[in-house]
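Chain by chain, the residues:
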Amino acid sequence: MRKSLEEREEQKRKKDVGRYLNETKQPKSREGSAKHAGVSGQRKKSVQKLLKNVTKNDEQKQPDMVKNSVRNREFAVVTYLFLTIFLGMIAYFAYFQAKKSEAFINSSYNARQDAFADRVRRGDILSAQGDILATTQTAADGTETRSYPYGRMFAHVVGFSTNGKSGIEAADNFQLLRSHAFFLEKIWNDIQDKKNIGDTIITTLDMDVQKAAYDALGSQRGALIAMQPSTGKIIAMVSKPDFDPNTIAAEWDSITADNTNSVLLNRVTQGLYPPGSTFKIFTLLEYMKEHKNYKDYAYQCSGSMTEEGNVIHCFGNSVHGQEDLETSFAHSCNTSFSSIGLSLNLNKFRKTNESLLFNSELPCVFPYKQSSFVLQPGDSSWEIMQTAIGQGKTLVTPYHLALVMSAINNQGILMTPYIVEKITNYNDTEVTKQVPQEYGELLTKKKAATLRKYLKEVVTQGTGSALSGQSYQAAGKTGSAEYTSARDSHAWFVGYASKEGTQDLVVSVVLEGAGTGGAKAVPVAKAVFDAYF
């Protein structure tokens, strides 16, 4: 109200000024000119006084107007800021519900899962052929027991659900505790205070291939993974030493106290090993990228080489003689590849390895360790030579090598690995189904084709010759990774096999302290290929 009165008075003063100005401009008669002159002087003074007051008022009001303008602008900024935050929260909430909520619900730290278990009987886990790998048995008194009919054979990949969870039991815990039974059936069970039956997980695991892998590893410590490179399906996964998931609760204290064997460790995804000569795949790729004339490569192998007082030997001090790049790879010539390593640009070498998932996150549903490549400019020639042949500080998991080999087989494209084919309710009505998806391009189609040619030569004329002459065509790379000063070595093989009318299969296997890859790891891979094809 006060502001309104002030505005009215101001408007009145401005009108008076306008009226006085008009009157001073009006023409006057001669008779009234003298009189008018006196009045005019008085009016002039009044007008000047009014003008002065108006100007003063305007000058007083101007800062207030500026302040009000600034204040309004600040209010607008704050309003729009909070509106943006609000809209962002709504967008993230929608994203969380669609993409992230299930992962949070499935977390082993989420207490809500206990509530699910109170209302739902844990669902079954099946092989690709329908064999029951895990099921819940209910006693007459209502006590539930998780049963694993194949015991140790699927120990790490299927996992356990007592004393914590592991394997598929952990990765798909939420799905096993959900029920998509007919809704009227669920209502009736709720009325009767009966549990609903959880959904069934049908895996990609092949019973015959899994058994072949398990038997081939025998009592040897190590790990094996088999997967289809064109789809990403994991066909088999074995880690040893293992455990019996049926008795793990009773044996928990002794198992967890055994730091020597680490039986709970899934060596497929969590076992870090020096890659040995399997790493020559990466060294070969980098050399081809840096040297367009790589086909002209020539090297004279004398069985050893010396650089700055450090000596590198070929395995068993073998002398390979005159070699090109292809025969160096097929014979797994250490001196040739150490020489190649010294010629590489280490910054580019690092980038190539990181593009092939070293020091990187991996697409994996299970806990895993990142493979490490630490070579950098300024490192000694000894470290460079060692790294080039898969020794030194480089460490890999069998899972990582399987991913790289899958990309090489699949024209440079890595398909996202998966182990759950589909989820059904307990009456076999499909709930969800996994479809193959591309993870990304790890290397070009041309480079992948060249590497396939070199990998084939390892089998036809090199260290993987035990795989030649089969009903399928095999290719790959062996490795013997020394890990002690006594030259004890892990045995490696990573490769694939093809047969018309059947999906290709990649196998990555490591045997701890077993010796040479050609003598020990290749026969294990062959047993898996034989079972699959």
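Residues numbered from 1 in each chain as written. Predicted model: local features only at pLDDT ≥ 70, side-chain atom pairs only at ≥ 80, totals over all residues. Heavy atoms only, no water.

Engineer: Hey, could you run me through the overall build of the protein in this one?
Structural biologist: Helix and strand counts for the protein come out as 18 helices and 19 strands. Residues counted as buried form 45% of the 533 residues belonging to the protein. Residue pairs in contact within the protein that sit at least 24 positions apart in sequence constitute 67% of those at least 6 positions apart. Taken as a whole, the protein presents about 27,300 Å² of accessible surface, with 51% of it coming from carbon and sulfur. (Helix = DSSP H or I, 4+ residues; strand = E, 2+ residues; numbered from the N terminus. Buried < 20%, exposed > 50% of the residue type's maximum accessible area, 1.4 Å probe, protein only. Contact = heavy atoms within 4.5 Å. Areas by Shrake-Rupley, 256 points an atom, 1.4 Å probe, with all protein chains shown as cover.)

Engineer: Where do I start with the layout of surface pockets in this structure?
Structural biologist: A probe matching the size of a water molecule, rolled over the atoms, marks out where space remains unfilled. Of the voids in this model, the second largest pocket is the one considered here, and its volume is about 580 Å³. Along the wall of the second largest pocket there are 27 residues; nearest its centre are Cys314, Phe315, Asn334, Ser480 and Glu482. When residues of the lining of the second largest pocket are traced back to their parent elements, those giving at least two are β11 (310-313), α15 (381-388), β17 (473-482) and α18 (517-532). Split by residue class, the lining of the second largest pocket holds six nonpolar, 19 polar and two charged. (1 Å grid on protein atoms, 1.4 Å probe; cavity = no way out; pocket = protein on both sides within 12 Å on 5 of 7 lines; lining within 4 Å. Points joined across faces, edges and corners; volume = space filled by probe spheres on them. Nonpolar A, V, L, I, M, F, W, Y, C, P; charged D, E, K, R; others polar.)

Engineer: What exactly am I supposed to notice about the packing of helix α13 (residues 334-342) against α15 here?
Structural biologist: A pair of packed helices is captured by two measures, namely the crossing angle of their axes and the spacing between those axes. Packing of α13 against α15 leaves a shortest axis separation of 8 Å and a crossing angle of 125°. Looking at the two axes, α13 sits oblique to α15. Of the two possible hands of crossing, α13 and α15 adopt the one that is right-handed. Across the interface between the two elements, Phe337, Ser338, Gly341 and Leu342 of α13 pack against Ser381, Ile384, Met385 and Ala388 of α15. By residue class, the composition of the contact of α13 with α15 is five nonpolar, three polar and no charged. (Axes fitted to C-alpha atoms, helices over the stretch in contact; angles between N-to-C directions. Parallel < 35°, antiparallel > 145°, perpendicular 65-115°, else oblique. Left-handed = near helix turned anticlockwise from the far one by under 90°.)

Engineer: I'm lost on empty space enclosed by the protein in this one. Help?
Structural biologist: Scanning the model with the defined rule gives three cavities of 30 Å³ or more in all. Space inside the largest cavity adds up to approximately 40 Å³. Lining the largest cavity we find Ile234, Met237, Cys364, Val365, Phe366, Tyr399, Pro417, Tyr418 and Ile419. For the lining of the largest cavity, the residue count by class is nine nonpolar, no polar and no charged.

Engineer: Help me understand the pattern of salt bridges, please; the structure alone is not making it clear to me.
Structural biologist: A side chain with one charge can pair with a side chain of the opposite charge if their charged atoms come near. Scanning all chains against the criterion turns up twelve salt bridges. In this structure, Asp215 engages Lys211 in a salt bridge whose closest nitrogen and oxygen atoms are separated by 2.8 Å. Of this pair, Asp215 and Lys211 are both found in helix α8 (residues 207-217), four residues apart, which corresponds to roughly one turn of the helix. According to the relative accessible area criterion, Asp215 is partly exposed, its value standing at 44%. Because the salt bridges share partners, they merge into one network encompassing Arg122, Arg146 and Glu169. (Salt bridge = Lys/Arg side-chain N within 4 Å of Asp/Glu carboxyl O.)

Engineer: Teacher, can you tell me more about the side chain of Glu323 here?
Structural biologist: With respect to the secondary-structure elements, Glu323 resides in strand β12 (residues 321-323). Within the structure, the side chain of Glu323 is placed 3.4 Å from the side chain of Ser328, a separation counted as a polar contact. Ignoring sequence-local partners within four residues, the contact set of Glu323 consists of Tyr297, Ala298, Tyr299, Cys301, Ser328, His331, Cys333 and Ser336. (Polar contact = N/O pair within 3.5 Å; in protein donor to acceptor, adjacent residues only side chain to side chain.)

Engineer: Teacher, can you tell me more about the nonpolar core here?
Structural biologist: Generally speaking, nonpolar side chains in soluble globular proteins are found buried as a group. Residues Leu224, Ile281, Leu325, Leu443, Leu505, Val509 and Phe529 are the most contacted members of the largest nonpolar core, which totals 113 residues. Top element by residues in this core is helix α16 (residues 398-409). It accounts for eight residues. When near neighbours in sequence (up to four residues on either side) are disregarded, Leu443 contacts Leu285, Leu356, Ala407, Ile408, Gln411, Gly412, Ala448 and Leu451. (Core = buried A, V, L, I, M, F, W, Y, C linked by side-chain atoms within 4.5 Å.)

Engineer: Got a minute to help me understand the sheet that holds β17 in this structure?
Structural biologist: The strands making up a sheet associate through backbone hydrogen bonding, with each pair oriented either parallel or antiparallel. What the five strands build is an open sheet, ordered β8-β7-β19-β18-β17; its pairing is antiparallel. Looking along the sheet, the strands with just one partner apiece sit at the ends: β8 (234-240) and β17. Averaged over neighbouring strand pairs, the angle between their axes works out to 5° when direction is ignored. Relative to β8, strand β7 (residues 222-227) runs antiparallel, the two being bridged by six bridges. Of the residues in β8, the one forming a bridge with Leu224 is Val238. (Pairing = 2+ DSSP bridges.)

Engineer: Explain a nonpolar patch on the surface here, please?
Structural biologist: A cluster of nonpolar side chains, namely Phe182, Phe183, Leu184, Ile187, Trp188 and Ile191, defines an oily patch on the protein surface of about 680 Å² accessible area. Relative to the helices and strands, Phe182 resides in the loop between α6 (173-176) and α7 (183-191). On the accessibility criterion, Phe182 (49% relative accessible area) is partly exposed. (Patch = residues over 30% accessible without salt bridge, like charges linked within 9 Å, V, L, I, M, F, W, Y side chains within 5 Å.)

Engineer: Which parts of the structure should I look at to understand the confidence of the model for the protein?
Structural biologist: Interpreting fine coordinate detail is not advised for predicted regions of low pLDDT. Mean pLDDT over the protein: 88, with 83% of residues reaching 70 or higher. Low pLDDT, under 50, characterises residues 28-37; the stretch is placed with two contacts to residues that sit more than four places away or in other chains. (pLDDT = per-residue confidence, 0-100.)

Engineer: Whenever I open this one, the environment of His291 confuses me. Can you help?
Structural biologist: Positionally, His291 belongs in the loop between α11 (280-290) and β9 (299-301). Sequence separation between His291 and Leu344 is 53 residues, and the spatial gap between their C-alpha atoms is 9.6 Å.

Engineer: Quick question: what am I supposed to make of the packing of aromatic side chains here?
Structural biologist: Two descriptors summarise a pair of aromatic rings, namely the distance from one centre to the other and the angle between the planes of the rings. Counted according to the given criterion, the structure contains 19 aromatic pairs. Between the aromatic rings of Tyr472 and Phe533, the centroid separation amounts to 5.2 Å while the plane-to-plane angle is 25°, which identifies the pairing as stacked. One end of the pair, Tyr472, is in the loop between α17 (445-461) and β17; the other, Phe533, is in the segment after α18, with 61 residues separating them in the sequence. As far as the burial class goes, Tyr472 and Phe533 line up, both buried. An aromatic cluster of at least three residues, connected via ring pairs, comprises Phe279, Phe282, Phe349, Phe358 and Phe373. Above the plane of the ring of Tyr214 lies Lys240, whose end atom (NZ or CZ) is 3.7 Å from the centre. Against the face of Phe329 rests Lys477, its NZ or CZ located 5.7 Å from the ring centre. (Phe/Tyr/Trp six-rings, centres within 6.5 Å; stacked < 30°, edge-to-face > 60°. Lys NZ or Arg CZ within 6 Å of the ring centre and 35° of its normal.)

Engineer: Explain the sheet that holds strand β15 (residues 430-433) to me, please; I cannot follow it from the model alone.
Structural biologist: In spatial order, the strands read β4-β3-β2-β6-β14-β15; together these six strands make up an open sheet with mixed pairing. With one partner strand each, in any of the chains shown, β4 (144-147) and β15 form the two edges of the open sheet. Both strand β6 (residues 200-203) and strand β14 (residues 420-424) contribute to a ladder of four bridges, which runs antiparallel. Bridging from a neighbouring strand, Thr203 pairs with Val420 of β14.

Engineer: Help me understand the packing of α11 against helix α14 (residues 346-355), please; the structure alone is not making it clear to me.
Structural biologist: At a minimum axis separation of 10 Å, α11 and α14 run at an interaxial angle of 125°. With respect to their mutual orientation, α11 and α14 come out oblique. Considering the relative orientation of α11 and α14, their crossing is right-handed. Only Lys348, Phe349, Thr352 and Asn353 of α14 make contact with α11, whose side of the interface consists of Phe282, Thr283, Leu285, Glu286, Lys289 and Glu290.

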